[in-house]
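Letter by letter, the chains look like this.
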Amino acid sequence: GESVGLHLPTLSVQEGDNSIINCAYSNSASDYFIWYKQESGKGPQFIIDIRSNMDKRQGQRVTVLLNKTVKHLSLQIAATQPGDSAVYFCAENPRTGGFKTIFGAGTRLFVKA
Amino acid sequence: DGGITQSPKYLFRKEGQNVTLSCEQNLNHDAMYWYRQDPGQGLRLIYYSQIVNDFQKGDIAEGYSVSREKKESFPLTVTSAQKNPTAFYLCASSIELSSGNTIYFGEGSWLTVV
């Protein structure tokens, strides 16, 4: 199928290695953050979220780290598998200004077998 | 299974033609959204709806229209006034329209102008 994000930053990792995908968010008033995975030609899938009162949250093989001081978010994927190949993007939800979620353009992850 | 269903997956539009993208959700969510995705860019909000019979323009509403006659349904019409409609369109929903609610997406619809 067609792919979106043709000019995105890319990260290439070996199968079995850990992956770290970074995101700089824009609004210091954001208090809710989400990571999504988007496979080629498909809609984004929710992976994990974190609120601003936390600095780390773990899921199954994934960990999200939040550094509010430098407005930085990262997604760590343990033991990366070929099925993890996709575009990953972060989203931030400002505390003020209502509900509008701001989405990053994303990073394309390639997993080499 | 609960989810968001978009149709058609692929749609071709001729110049001057209006086309409608369907979006149905069975998650019992109040809020629904339409986003446009272009290569190398983040999602951009077209329209959103907080509740039945209510909808508001997003950041790029020109050339688009929506309706929300039922809680489950939020169709998007791409009118002939939209000059650059070729894109991937994503419908989404959340429990309610407020900060801190996760947005869930459908599988998307590809629209191409021919």
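Bear in mind the structure is a predicted one, so any value in this text is a computation, not a measurement.

Criteria and cut-off values
Residues numbered from 1 in each chain as written. Chains lettered and ligands numbered in written order. Predicted model: local features only at pLDDT ≥ 70, side-chain atom pairs only at ≥ 80, totals over all residues. Heavy atoms only, no water. Helix = DSSP H or I, 4+ residues; strand = E, 2+ residues; numbered from the N terminus. Buried < 20%, exposed > 50% of the residue type's maximum accessible area, 1.4 Å probe, protein only. Lys, Arg positive; Asp, Glu negative; His and termini not counted. Salt bridge = Lys/Arg side-chain N within 4 Å of Asp/Glu carboxyl O. Polar contact = N/O pair within 3.5 Å; in protein donor to acceptor, adjacent residues only side chain to side chain. Contact = heavy atoms within 4.5 Å. Core = buried A, V, L, I, M, F, W, Y, C linked by side-chain atoms within 4.5 Å. Pairing = 2+ DSSP bridges. Axes fitted to C-alpha atoms, helices over the stretch in contact; angles between N-to-C directions. Buried area = accessible area lost by both parts, 1.4 Å probe. Nonpolar A, V, L, I, M, F, W, Y, C, P; charged D, E, K, R; others polar.

Undergrad: I keep staring at the side chain of R13(B) and nothing clicks. Help me out?
TA: Residue and element names in this part refer to chain B. Looking at the secondary structure, you find R13 in strand β2 (residues 10-13). No salt bridge is formed by the buried R13, whose closest oppositely charged neighbour, E15, lies at an N-O distance of 4.8 Å. Here the side chain of R13 touches T79 through a polar contact of 2.8 Å, landing on its backbone oxygen. If we ignore the near neighbours within four places in the chain, the residues touching R13 are V19, V78, T79, S80, Q82, P85, L111, T112, V113 and V114.

Undergrad: Where do I start with the nonpolar core in this structure?
TA: Note that soluble globular proteins tend to have their nonpolar side chains buried in a common cluster. Counting 21 residues, the largest nonpolar core has Y36(A), F103(A), Y33(B), Y35(B), L43(B), I103(B) and F105(B) as its most contacted members. Of all the secondary-structure elements, those providing two or more residues to this core are β3 (30-38) and β8 (86-94) of chain A together with β4 (31-37), β5 (44-51) and β9 (87-94) of chain B. Apart from residues no more than four positions distant in its own chain, L43(B) is found in contact with F89(A), F103(A), Y35(B), R36(B), Q37(B), L90(B) and F105(B). If you look at the next biggest cluster of nonpolar residues, it comprises 20 residues, including V19(B), W34(B), V78(B) and L111(B).

Undergrad: When you look at the sheet that holds strand β2 (residues 19-24) of chain A in this model, what are you seeing that I'm missing?
TA: Pairing between the strands of a sheet comes from backbone hydrogen bonds, and it takes one of two forms, parallel or antiparallel. All names here are of chain A. The strand order β2-β7-β6-β5 describes an open sheet built from 4 strands, whose pairing is antiparallel. A strand with exactly one partner marks an edge of an open sheet, and here the two such strands are β2 and β5 (56-58). Pairwise comparison of adjacent strand axes, ignoring direction, gives a mean angle of 15° for this sheet.

Undergrad: Explain the interface of chain B and chain A to me, please; I cannot follow it from the model alone.
TA: Listed as interface residues are 27 residues of chain B and, on the opposing side, 29 residues of chain A. Summing both sides of the interface, chain B and chain A together bury roughly 2,100 Å²; the carbon and sulfur share of this comes to 60%. Between the two partners, chain B and chain A, sit 1 salt bridge. The salt bridge involving K100(A) is made with D59(B); its shortest N-O contact spans 3.3 Å. Where chain B packs against chain A, one counts 8 residue pairs in polar contact (both at pLDDT 80 or more). Looking at the side of chain B that touches chain A, the elements that each hand over two or more residues are β4, β5, β9 and β10 (104-105) of chain B. Per-element tally for the side of chain B that touches chain A: the top contributor is β4(B), with 3 residues. When grouped by side-chain class, the residues that make up the side of chain B that touches chain A number 14 nonpolar, 10 polar and 3 charged.

Undergrad: Help me understand the side chain of S49(B) in this model?
TA: All names here are of chain B. Mapped onto the elements, S49 comes out in strand β5. Separated by 2.7 Å, the side chains of S49 and R68 make a polar contact. Once residues lying within four places of it in the same chain are set aside, the contact partners of S49 are D30, A31, M32, D54, F55, R68 and F74.

Undergrad: Just to check I follow, could you spell out the pairing of strand β11 (residues 109-113) of chain B for this structure?
TA: Consecutive residues of a regular strand have side chains that alternate between opposite faces of the sheet. All names here are of chain B. Taken together, the 4 bridges between β2 and β11 define a ladder with parallel strand orientation. Looking at the pairing, R13 lines up with V113 of β11. With 3 bridges connecting them, β9 and β11 associate as antiparallel partners. Following the sheet pairing, Y89 is matched in β11 by S109.

Spatial relationships are all this shows, so hold off on functional conclusions.
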